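Listed below, chain by chain, are the residues.
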Amino acid sequence: MAAEEPRGEASDFETYARARQQQLYRTAFLLCGNADRAQDLTQTTLAKLFQYWRKASRATNIDAYAKTVLTRTFLAEQRSSRRERELHTPITPPVGPDRPDLRVTLVEALAALSPKARAMVVLRYWEDQPIEAVAASMNCRPGTVKSTCTRALRQLRELLGEDADLYATEG
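Residues numbered from 1 in each chain as written. Predicted model: local features only at pLDDT ≥ 70, side-chain atom pairs only at ≥ 80, totals over all residues. Heavy atoms only, no water.

Student: Can you walk me through the packing of aromatic side chains in this structure?
Tutor: Working definition: an aromatic ring pair is given by the centre-to-centre distance plus the angle between the planes. All chains considered together, the criterion is met by 4 aromatic pairs. Measuring from centroid to centroid gives 5.3 Å for F13 and W53, while their planes differ by 75 degrees, and the two rings are edge-to-face. Highlighted residues: F13 in helix α1 (residues 7-32) and W53 in helix α3 (residues 53-57), separated in sequence by 40 residues. On the basis of relative accessible area, F13 is assigned to the buried category, the value being 10%. (Phe/Tyr/Trp six-rings, centres within 6.5 Å; stacked < 30°, edge-to-face > 60°. Helix = DSSP H or I, 4+ residues; strand = E, 2+ residues; numbered from the N terminus. Buried < 20%, exposed > 50% of the residue type's maximum accessible area, 1.4 Å probe, protein only.)

Dropping the structure here:
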């Protein structure tokens, strides 16, 4: 069993977790498209951060460190549970252009992307991270981020059809 953390470090982690939990949850929701899974992913990420808090707290940018942990945890879960997801994925009707809730439509379109492409699009465009930061989080080259995002955006435009222009102008 690991030694107990000094009270100061535990307190620092608790302060950080309270301040960033919602932000991590929003990113997790965009990655997985499901509120319950996003909550689990957020809690798993916070547990990993707590486990390695000494290292994480020394990082130049703790938020970037946390999002890297979140993204890598998401991708690892996607790889490990692919077969189970295929067996239990509900069939949903296609998204029509007359849907009033654009965010729900976008989340559904994001769900059609591969986990890696979805993670890159969320980090690059929703989280507004530079290409180099996304590449570092995803443990790949910047060129891979560029090409994957280009293909993913093309796919999203096809999926969203006429609604694609609404997302480009929504603030």
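There's more to say after this.
Student: Which parts of the structure should I look at to understand the state of the cysteines?
Tutor: Two cysteines, two sulfur atoms, one covalent bond between them: this is a disulfide. If you walk through the whole model with that rule in mind, you get 0 disulfides. The closest cysteine sulfur to the non-disulfide-bonded C140 is located on C149, 9.1 Å from its own sulfur. (Disulfide = S-S within 2.5 Å.)

Student: What am I meant to see in helix α2 (residues 35-51) here?
Tutor: The end-to-end C-alpha distance of α2, which contains 17 residues, comes to 24 Å, matching closely the 24 Å that a straight helix rising 1.5 Å per residue would cover. Every buried residue belonging to α2 is among A38, L41, T42, T45, L46 and L49, and all of these are buried. Projected down its long axis, α2 shows its buried positions confined to an angular sector of 135 degrees, all on one face. Facing away from the buried side of α2 by over 90 degrees, the exposed positions are D36, D40 and Q51. The N-terminus of α2 is capped by N34, whose side-chain oxygen sits 2.9 Å from the backbone nitrogen of D36. (Expected span 1.5 Å × (residues − 1). Arc of directions from axis to C-beta. Polar contact = N/O pair within 3.5 Å; in protein donor to acceptor, adjacent residues only side chain to side chain.)

Student: I tried to follow the environment of L160 on my own but got confused; where do I start?
Tutor: Take L160: it is sitting in helix α9 (residues 142-160). Taking the C-alpha atoms as reference points, L160 and T105, separated by 55 residues in sequence, lie 7.8 Å from one another.

In short, geometric facts, not functional conclusions.
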